[in-house]
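Each chain, written out:
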Amino acid sequence: MSVIRFDGVSHAYGERRVLSGIDLELTEHRIGIIGSNGSGKSTLARMINGLVTPSSGKVTVDGLDVSRKGGEVRRKVGFVFTDPDNQIVMPTVGEDLAFSLRRSKLPRSVVAERVQSMLERFRLDGHADHPAHLLSGGQKQMLAIGAVLIREPEVIVADEPTTLLDLRNARMVTDVLTSVDQQVIVVTHQLALLNGFDRVVVIHEGAVVHDGTPTDAVPAYEKLLA
Ligand SMILES: Nc1ncnc2c1ncn2[C@@H]1O[C@H](COP(=O)(O)OP(=O)(O)OP(=O)(O)O)[C@@H](O)[C@H]1O
């Protein structure tokens, strides 16, 4: 697993301070980040691959400073957005998966093999030529995750990946996130998704207020909201 470190990280958007004094070392296989709306979870998640750079402090992935080595970090860390429509860029499912490897310099035959294996893995077999915008919400999210995984990142960060999905599709995405070999960091309001996770971090008003296993972090979060 990668070592993701937050050292004295604070962040403000303009005058608005949204994270303060975050110190974390994330090394577990499956990590959840929970907390109420606006507590700073997405900001924290986005920092892991340099989508947001901290106003002060440092975020590193395996020693690489995300503020300085964003490109290298993004090769290690893939990001799955809440809304797959933000991520799907090509007209067809197969083209969208292949697009992720456009800079890989892999031979065409290897790209084709990887695309096929992603299609099979994400229950999109037979959909290579299907228009991506016509997929169901769940299938789109599977495609978005596939387009991240095809690059073989070491870490996947997913920001509320099941929020827009119905129960069946949410389960499909949850199954994938809980079964991949990669290190997975998920921001979620769906607490059931965290069953079996190794660690859950609770963020409240821009600070870490609890850090433990799902069995103790989830009740701590619920108590916070009571
Ligand atoms: N790009 C931005 N510019 C200005 N303010 C922002 C920006 N992104 C987020 N914020 C503000 O920062 C605060 C934290 O937002 P963030 O999205 O990190 O919270 P969150 O815990 O993920 O919330 P939610 O659960 O609602 O998605 C909020 O008050 C939000 O309005």
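Here the structure is a predicted model, which is why all the values come from computation and not from measurement.

1. Observations concerning the site of the ligand
- In the vicinity of the ligand, the contacting residues are Y13, R16, V18, G35, N37, G38, S39, G40, K41, S42 and T43.
- A total of three residues in the shell around the ligand trace back to one element, the largest contributor, which is helix 1 (residues 41-47).
- Here the residues of the shell around the ligand are counted per class, giving two nonpolar, seven polar and two charged.

2. Some remarks on the pairing of strand 7 (residues 155-159)
- Counting buried positions along strand 7 yields five of five residues, so the element is predominantly enclosed.
- Residues V155, V157 and D159 of strand 7 are buried on one face, and the alternating residues I156 and A158, pointing to the opposite face, are buried as well.
- One ladder, built from four bridges, connects strand 6 (residues 77-80) with strand 7; its direction is parallel. Pairing of F79 across the sheet is with V157, part of strand 7.
- With five bridges joining them, strand 7 and strand 8 (residues 183-187) adopt parallel strand pairing. Paired with D159 across the bridge in strand 8 is V187.
- A crossover connection joins strand 7 to the parallel strand 8 through helix 6 (residues 167-179); in handedness this β-α-β unit is right-handed.

3. Some remarks on the UniProt feature "domain: ABC transporter" (unreviewed entry) in the protein chain
- Within this numbering scheme, the UniProt entry marks residues 4-224 as carrying the feature "domain: ABC transporter" (unreviewed entry).
- The span residues 4-224 is 33% helical and 27% strand by assignment, and the distance between its end C-alpha atoms comes to 26 Å.

4. Let's talk about the environment of A132
- With respect to the element layout, A132 can be found in the loop between helix 4 (108-121) and helix 5 (137-149).
- Looking at A132, the number of C-beta atoms within 10 Å reads 24, which means it is buried.
- Sequence separation of A132 and I88 is 44 residues, and the distance between their C-alpha atoms is 7.4 Å.
- In contact with A132, other than residues within four places in its own chain, are I88, M90, P91, T92, V93, D96 and L143.

5. Re helix 5
- Between its terminal C-alpha atoms helix 5 stretches 18 Å, which fits the 18 Å expected from 13 residues at 1.5 Å a residue.
- A large share of helix 5 lies buried, amounting to twelve of its 13 residues.
- Lining the buried residues of helix 5 we find strand 6, helix 3 (93-99), helix 4, strand 7 and helix 6.

6. Section: the sheet that holds strand 3 (residues 30-34)
- Taking strand neighbours across the sheet as the criterion, the six strands line up as 6-7-8-3-9-10 in an open arrangement whose pairing is mixed. Edge positions in the open sheet fall to strand 6 and strand 10 (207-212), since each of these has one partner strand only. Neighbour to neighbour, the strand axes of the sheet diverge by 15° on average, direction disregarded.
- As defined by bridge partners, strand 3 adjoins strand 9 (residues 199-204) across four bridges and the pair is classed as parallel. Within strand 9, the position partnered with I33 by the bridge is V201.
- In this fold helix 5 packs onto strand 6 and strand 7, with an angle of close to 170° to the strand it touches most, strand 6.

7. A short note on the pairing of strand 3
- Counting buried positions over the five residues of strand 3 gives five, a clear majority of the element.
- Going residue by residue along strand 3, you find R30, G32 and I34 tucked away on one face and I31 and I33 tucked away on the opposite face as well.

About the criteria used
Residues numbered from 1 in each chain as written. Predicted model: local features only at pLDDT ≥ 70, side-chain atom pairs only at ≥ 80, totals over all residues. Near = placed C-beta within 6 Å. Helix = DSSP H or I, 4+ residues; strand = E, 2+ residues; numbered from the N terminus. Nonpolar A, V, L, I, M, F, W, Y, C, P; charged D, E, K, R; others polar. Buried ≥ 20, exposed ≤ 12 C-beta atoms within 10 Å, placed from the backbone. Pairing = 2+ DSSP bridges. Right-handed = clockwise from strand over helix to strand, strands pointing away. UniProt positions renumbered as here; feature names shortened; annotations may be inferred. Contact = placed C-beta atoms within 7 Å. Expected span 1.5 Å × (residues − 1). Axes fitted to C-alpha atoms, helices over the stretch in contact; angles between N-to-C directions.

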